[in-house]
Amino acid sequence: MRAGIPKILVTGGAGFIGSAFVRLAARCGYRMIICDKLTYAGDLSRLKEAAGSYKFYRADICNPLTIGRIIKKEIPDGIINFAAETHVDRSIAGCAPFLKTNILGTQVLLDLSKKFKIKRFVQLSTDEVYGEIKNGQFTENSELKPNSPYAASKASADLLIRAYIRTYGFPGIIVRPCNNYGPWQYPEKLIPLGIACAIKGRKIPVYGRGINTREWLYVDDCARGILEVFRKGKPGEAYNLGSAEEKINLEVVRGILGLTGNDQRMFEFVKDRPGHDIRYKLDSEKLRRLTGWKPEINFTRGLKLTVEWNLRNQRWLLRKHHAEK
Ligand SMILES: NC(=O)c1ccc[n+]([C@@H]2O[C@H](COP(=O)([O-])OP(=O)(O)OC[C@H]3O[C@@H](n4cnc5c(N)ncnc54)[C@H](O)[C@@H]3O)[C@@H](O)[C@H]2O)c1
């Protein structure tokens with residue numbers, strides 16, 4: 001390790017946001033150890049750009065022996081936990097893997113961090129832990145009222161970290177981003193799924209009446225926010241990480257249809273997701289005040305970049321889309 005530059009253990013670094021973080025941190029000169037189980041959602045091709053800046057271990061965060069051996073050997077200065085099962089619909093179909101990785105996997109990392117006296121632990125949480133909000137916005141002090149099994153598993157991990165902070169003085173920091181989008185996102189999520197359908201000339205499925213509202217954050221902006229939290233966040237605190245740009249799903253889909261040159265009618269309403277939260281919205285002032293972070297890429301530009309990336313990387317996108325069938 002170069003003097004003064006921390007070595008970070010990044011779990012889930014082959015995933016969508018984890019890999020964006022690794023690419024950014026590599027450009028900033030960080031050295032990283034990546035532990036990723038490489039589930040259907042993990043893909044090493046996302047990391048090509050960061051080659052030389054990280055060492056990769058195919059490892060399950062639920063396995064204390066393997067992860068313990070890696071930490072003992074590598075002695076990281078900090079851990080950032082991106083590893084998770086992340087798709088709400090999959091959690092509705094069956095939540096066992098969500099509880100295992102998102103709760104018990106986090107517990108394994110917390111216990112090992114405690115054992116090896118890791119100085120900084122950043123947990124990737126989500127805006128979904130707060131449940132839905134029809135008006136106004138969530139602050140870090142809002143109650144956790146998760147509505148999907150996925151959100152419940154993430155909220156459980158947050159509560160466990162809170163307990164470790166209180167009980168052991170654990171140096172945990174929680175970051176709660178809003179909906180991310182951008183290059184390399186797996187096409188089970190709305191935007192890449194919509195682009196894959198648009199490329200194939202199929203109608204884009206839209207839940208319910210398409211009026212669910214999300215706050216959208218370009219993944220590179222999210223990665224910058226997480227690095228700021230890692231650098232400047234106060235142990236024991238939670239930070240919301242939102243763009244303040246809200247869109248209803250139908251607006252997102254119409255944007256995709258326009259950018260791919262498709263007819264605006266190429267979507268279809270499908271049966272709504274059970275328990276579908278109507279709206280999430282974060283108050284991110286705490287993080288913005290502490291770090292000066294703000295998003296650099298607005299939704300109009302970010303969606304254009306994302307569509308262009310997916311058109312250039314159609315083979316990757318359609319291979320993943322096909323695997324979904
Ligand atoms: N994508 C979003 O919009 C969003 C928004 C807010 C918060 N988050 C959170 O950010 C984090 C990253 O999300 P993402 O969208 O990049 O997820 P992703 O599904 O794209 O990637 C998850 C990664 O974790 C790995 N993984 C899964 N189980 C593992 C295990 N047991 N051990 C080791 N690795 C494992 C997968 O192989 C994959 O590489 C998650 O914690 C998620 O809850 C995501």
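Residues numbered from 1 in each chain as written. Predicted model: local features only at pLDDT ≥ 70, side-chain atom pairs only at ≥ 80, totals over all residues.

A. Seen up close, the site of the ligand. Close to the ligand lie 31 residues, the nearest being Gly12, Gly15, Phe16, Gly42 and Ala84. Secondary structure elements with two or more residues in the shell around the ligand: helix H1 (16–27), strand E2 (31–36), helix H4 (96–115) and strand E7 (179–181). With three residues, the top contributor of residues to the shell around the ligand is H1. Residues that form the shell around the ligand fall into these classes: 14 nonpolar, 12 polar and five charged. (Near = placed C-beta within 6 Å. Helix = DSSP H or I, 4+ residues; strand = E, 2+ residues; numbered from the N terminus. Nonpolar A, V, L, I, M, F, W, Y, C, P; charged D, E, K, R; others polar.)

B. Seen up close, the domain arrangement of the protein chain. Here the domain parsing of the protein chain yields domain 1 (7–180 + 217–241) and domain 2 (182–214 + 245–279 + 290–324). On a C-alpha basis, the centres of domain 1 and domain 2 stand 24 Å from each other. Listed per partner, the contact involves 27 residues of domain 1 and 19 residues of domain 2. Counting only elements with at least two residues in the side of domain 1 that touches domain 2, the list comes to H1, helix H3 (88–93), E7, strand E9 (213–218) and helix H7 (219–232). Looking at which element gives the most residues to the side of domain 1 that touches domain 2, the answer is H7, with seven residues. Class assignment of the residues belonging to the side of domain 1 that touches domain 2 gives a composition of 10 nonpolar, eight polar and nine charged. (Domains from an automatic or database assignment. Contact = placed C-beta atoms within 7 Å.)

C. Structural context of the sheet that holds strand E10 (residues 238–241). Ordered by their spatial adjacency, seven strands build an open sheet running E3-E2-E1-E4-E5-E6-E10, and the pairing between neighbours is parallel. The open sheet has two free edges, formed respectively by strand E3 (54–58) and E10, since each of these has just one partner strand. Direction aside, neighbouring strands of the sheet carry axes that sit 20 degrees apart on average. Of the pairings in the sheet, the one linking strand E6 (residues 172–177) to E10 comprises four bridges and is parallel in character. The partner of Ile174 across the bridge, within E10, is Ala238. Along the sheet, helix H2 (residues 64–74) makes contact with strand E1 (7–11), E2 and E3, crossing E2 at roughly 170 degrees. Contacts from H4 reach E1, strand E4 (78–81) and strand E5 (120–124), with the element oriented near 175 degrees to E4. (Pairing = 2+ DSSP bridges. Axes fitted to C-alpha atoms, helices over the stretch in contact; angles between N-to-C directions.)

D. Geometry of the packing of helix H6 (residues 190–200) against helix H11 (residues 314–324). The N-to-C vectors of H6 and H11 enclose an angle of 100 degrees; their axes lie 10 Å apart at closest approach. If you check the angle between H6 and H11, you find them roughly perpendicular. Counting all contacts with H6, which are made through Pro192, Ile195, Ala196 and Ile199, the residues of H11 involved are Gln314, Leu317, Leu318 and His321. Taken together, the residues of the contact of H6 with H11 break down into six nonpolar, two polar and no charged. (Parallel < 35°, antiparallel > 145°, perpendicular 65-115°, else oblique.)

E. How the structure looks around helix H10 (residues 299–312). Taking 1.5 Å per residue as the helical rise, H10 with its 14 residues ought to reach 20 Å, and the 20 Å between its terminal C-alpha atoms agrees with that figure. Taken together, the buried positions of H10 are Phe299, Gly302, Leu303, Thr306, Val307 and Asn310. Within H10, the buried residues cover an arc of 130 degrees as seen down the axis, which keeps them to one side. Away from its buried face by more than 90 degrees, H10 exposes Thr300, Arg301, Glu308 and Arg312. The inward-facing, buried residues of H10 abut E7, H6, E9, strand E11 (246–248), helix H8 (249–259) and H11. (Expected span 1.5 Å × (residues − 1). Buried ≥ 20, exposed ≤ 12 C-beta atoms within 10 Å, placed from the backbone. Arc of directions from axis to C-beta.)

F. Just the nonpolar core, in detail. Counting 89 residues, the largest nonpolar core has Val10, Phe21, Val22, Met32, Val175, Ile226 and Ile256 as the members making the most contacts within it. Two domains each provide a minimum of three residues to this core, namely domain 1 (7–180 + 217–241) and domain 2 (182–214 + 245–279 + 290–324). With residues up to four places along the chain from it excluded, the contact list for Val175 reads Val122, Leu124, Ser125, Ile226, Val229, Tyr239 and Leu241. (Core = buried A, V, L, I, M, F, W, Y, C linked by C-beta atoms within 7 Å.)

G. Inspection of the pairing of E1 at higher detail. Burial analysis of E1 places four of its five residues in the buried class, which makes it a mostly covered element. Strand direction decides the pairing type here: E1 and E2, joined by five bridges, are parallel. Its bridge partner being in E2, Lys7 is matched across the sheet by Arg31. Running through H1, the crossover from E1 to the neighbouring parallel element E2 is right-handed. (Right-handed = clockwise from strand over helix to strand, strands pointing away.)

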